[in-house]
Amino acid sequence: MNLIKQEQESYIICKSGNNLIIINQLNEIVKSIEVDCANIESISLYKNYLEDIYIAIVDGINNNIYIYDNDNQLINNDQLEGETLAKINWKKSDLLITTLIDDYIIQYQKK
C-alpha cells in the first residue's frame, strides 16, 4: 500500500498481485487497473488540471517504466528504462517522466 500526496489531495494505492486500486481521501475508489508487470517496484500518480489520472509503474525485475493514462491504457509503446522510482509531470503538452538509473537522474519526454 502506498500513500501519495499531490497538492491538496491524497491517494492510497493498494495492490494485490498486478491489480491496483486507487482510493482518494474521501475513501472513494477513483481508479482500478490491472497492469502487466513482473514485479512492481514503485508506483507514482499524477493528476492534471483536467482531473485525468496518470500512473507510472517501475518494474523492479525488468527495470522498465510503464505509464498508464486515465483510460487505463498503456501509453508508452517504447521501452523506458528506470530503477527504483518514476515521477510524472507535464510541460505544456508534453509528458515528462523522471527516474533514476545507476544514481543518475534521467528524464524522458513524450509528446
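Residues numbered from 1 in each chain as written. Predicted model: local features only at pLDDT ≥ 70, side-chain atom pairs only at ≥ 80, totals over all residues. Heavy atoms only, no water.

Take the pattern of salt bridges next. In this structure the tally under the stated criterion is three salt bridges. Among the ionic pairs, E51 bridges to K47, the shortest N-O distance being 2.8 Å. What makes K47 buried here is its relative accessible area of 16%. K110 serves as the salt-bridge partner of D78, at 3.2 Å between the closest nitrogen and oxygen. Taken together, the positions of D78 in the loop between β7 (64-68) and β8 (80-81) and K110 in strand β11 (residues 104-110) put the pair 32 residues apart, joining distant regions of the chain. Judged by relative accessible area, D78 falls into the partly exposed class, the value being 40%. On the basis of relative accessibility, which here comes to 18%, the residue K110 falls in the buried class. Each of E9, K47 and E51 takes part in salt bridges that share partners, so that together they form one network. (Salt bridge = Lys/Arg side-chain N within 4 Å of Asp/Glu carboxyl O. Buried < 20%, exposed > 50% of the residue type's maximum accessible area, 1.4 Å probe, protein only. Helix = DSSP H or I, 4+ residues; strand = E, 2+ residues; numbered from the N terminus.)

As a further point, take the pairing of strand β4 (residues 29-34). For strand β3 (residues 19-24) and β4, the ladder comprises five bridges, and the chain directions are antiparallel. Along β4, the bridge assignment pairs I21 with S32. What sits between β3 and β4 in their antiparallel hairpin is a turn of four residues, with N27 showing a positive phi close to 65 degrees. (Pairing = 2+ DSSP bridges.)

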